[in-house]
Amino acid sequence: MVKGNNSVSAAAGLSSRDLILDAARSLVSSRGYDGMAISDLSAQSGLPASSIYYHFGNKLGVLAALLDRTFNELHALFAHPSSFDDLEPLDRFEAWFTAACASLDERPDYLRLLLAISVGPQKDDEVVRATVRRIRDFAHASWVDVLTPVFAPGDAAGDKAFIEELAVLGRAMTDGLSLTNSFDGMSYSSHVAPFVSLIRGLADRRGGEKA
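Here the residue numbering is sequential within each chain, running from 1 through the sequence in written order. In keeping with the model being predicted, local features are shown solely for residues with a pLDDT of at least 70 and side-chain atom pairs are shown and tallied solely at 80 or more, while totals for entire chains, interfaces and linings include all residues. To obtain the side-chain values, all non-hydrogen atoms of the structure were included, while hydrogens and water were left out.

I'd like to hear about the confidence of the model for the chain, residue by residue, with values.
A score between 0 and 100, pLDDT records how confident the predictor is in each residue. Of the residues in the chain, 91% reach a pLDDT of 70 or more, and the chain-wide mean stands at 85. The model gives residues 1-13 a pLDDT under 50, and that stretch makes 9 contacts with residues more than four places away or in other chains. Contacts: residue pairs with any heavy atoms within 4.5 Å of one another.

This is the structure:
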């Protein structure tokens, strides 16, 4: 945060901070964290290196702040499963997953950013790990929320374990879709129908086994 009481200076400071983070998002997504130098951030943002050090301390501080902003954007971007509580469980899942994929189509850089971070040594930094874990725990909890009414309406322990496994698979699948989107140009939404069919098939099979 900018020091002082001048509101104009504060606004300018916040604007500078956002410019740096926007530049960092672009550079990390295209080059990876290791390919992003302070000089690159300066050139991309149009701000001097001193401004970057002032706001973030160092390059790792930029990454941590970018991840934190990304997490806040995530809350605003993705519809919560509770938004579809008026629907039947399977229809609720389909509506939520459709909305999530549409959101990723609007902001494909979100998962690309996490993917770029996951392959470098900076992923082991405590602050980075904590923020990434917070993002992924949020995603996992959403998967569990939306799958529970489908597979464990009676709160059975065995069904809960299955839901946890399926939530991990769902999250891993959306991670992988970032590669499909980046390399093959396929939208996230184009994968909604087959995955919904898979979930519906699993639900029918488990329902038949119990019967």
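That covers the picture; the talk isn't over yet.
Give me helix α6 (residues 109-118): which residues, what numbers.
Note on exposure labels: buried denotes an accessible area under 20% of the residue type's maximum, exposed denotes more than 50%, and partly exposed covers the range between, all computed with a 1.4 Å probe on protein chains only. A helix here means a DSSP run of H or I that spans at least four residues, while a strand means a run of E at least two residues long, and both kinds are numbered starting from the N terminus. Within α6, 7 of the 10 residues are buried, which leaves the element mostly enclosed by the surrounding structure. The complete set of buried residues in α6 reads D109, Y110, L111, L113, L114, A116 and I117.

Help me get a handle on the nonpolar core, residues and values and all.
The term nonpolar core refers to a set of buried residues drawn from Ala, Val, Leu, Ile, Met, Phe, Trp, Tyr and Cys, joined through side-chain atoms within 4.5 Å. In this structure, L41, F93, F97, L147 and F151 are the most contacted members of the largest nonpolar core, which totals 56 residues. With 10 residues, the single largest contributor to this core is helix α7 (residues 126-151). Not counting residues up to four positions away in its chain, the partners in contact with F93 are W143, V146, L147, F195, V196 and I199.

Kindly report on α7, identifying the contributing residues and their values.
Helix span, as expected, comes to 1.5 Å for every residue beyond the first. In this model, α7 (26 residues) spans 36 Å end to end at C-alpha, consistent with the 38 Å of a helix rising 1.5 Å per residue. Whenever a nitrogen or oxygen atom comes within 3.5 Å of another N or O atom, the pair is scored as a polar contact, on the condition that within protein one atom can donate a hydrogen and the other can accept it, and that pairs from neighbouring residues in sequence are kept only if both atoms are in side chains. With a side-chain oxygen positioned 3.1 Å from the backbone nitrogen of V127, the residue opening α7 is D125.

Break down the environment of A99 for me, with residues and values.
Considering the arrangement of structural elements, one finds A99 in helix α5 (residues 89-106). If near-sequence neighbours (up to four positions away) are discounted, A99 is found in contact with A79 and F84.

Outline the environment of G185, listing residues and values.
Tracing the backbone through its elements, the reader meets G185 in the loop between α8 (157-184) and α9 (192-210). Sequence separation between G185 and L27 is 158 residues; the distance between their C-alpha atoms is 20 Å.

I'd like a rundown of the pattern of salt bridges, residues and numbers included.
What counts as a salt bridge is simple: a side-chain nitrogen of Lys or Arg found within 4 Å of a carboxyl oxygen of Asp or Glu. Scanning all chains against the criterion turns up 14 salt bridges. Linking R25 and E73 is a salt bridge whose minimum nitrogen-to-oxygen distance equals 2.8 Å. Pair noted here: R25 is in helix α1 (residues 7-31) and E73 is in helix α4 (residues 59-77), with a separation of 48 residues, a long-range link. Judged by its relative accessible area of 23%, E73 is partly exposed.

Any chance you could break down the packing of aromatic side chains for me, citing the residues and the numbers?
A pair of Phe, Tyr and Trp rings is counted when the ring centres sit within 6.5 Å of each other, with Trp represented by its six-membered ring. The angle between the planes then sorts it: under 30 degrees is stacked, over 60 is edge-to-face, the rest tilted. A complete count under the given rule lists 11 aromatic pairs for this structure. Here the aromatic cluster, defined as three or more aromatic residues joined through ring pairs, consists of F93, W96, F97, W143 and F195. Its guanidinium or amino end placed over the ring of F162, R206 lies 3.9 Å from that ring's centre, counting from NZ or CZ. Counting as a charge over the ring demands two things of the Lys NZ or Arg CZ atom: a distance within 6 Å of the ring centre and an angle within 35 degrees of the ring normal.

Could you give me a rundown of the packing of α6 against α8, with the residues and numbers involved?
Geometrically, a packed helix pair is captured by the angle between its two axes and the distance between the axes. A fitted line through C-alpha atoms represents every axis, and for helices the fit uses only the stretch in contact; the resulting angles, taken between N-to-C directions, go from 0 to 180 degrees. Interhelical geometry of α6 versus α8 gives an angle of 105° and a closest axis separation of 9 Å. For the element pair α6 / α8, the angle class is roughly perpendicular. Residues L111, R112 and L115 of α6 lie in contact with α8, whose contacting residues are T174, D175, S178, L179, N181 and S182. Note that Gly is not counted as nonpolar here; it falls among the polar residues with everything else outside the nonpolar set of Ala, Val, Leu, Ile, Met, Phe, Trp, Tyr, Cys and Pro and the charged set of Asp, Glu, Lys and Arg. Split by residue class, the contact of α6 with α8 holds 3 nonpolar, 4 polar and 2 charged. Should an angle fall under 35 degrees it is called roughly parallel, over 145 degrees roughly antiparallel, and 65 to 115 degrees roughly perpendicular, with every other angle called oblique.

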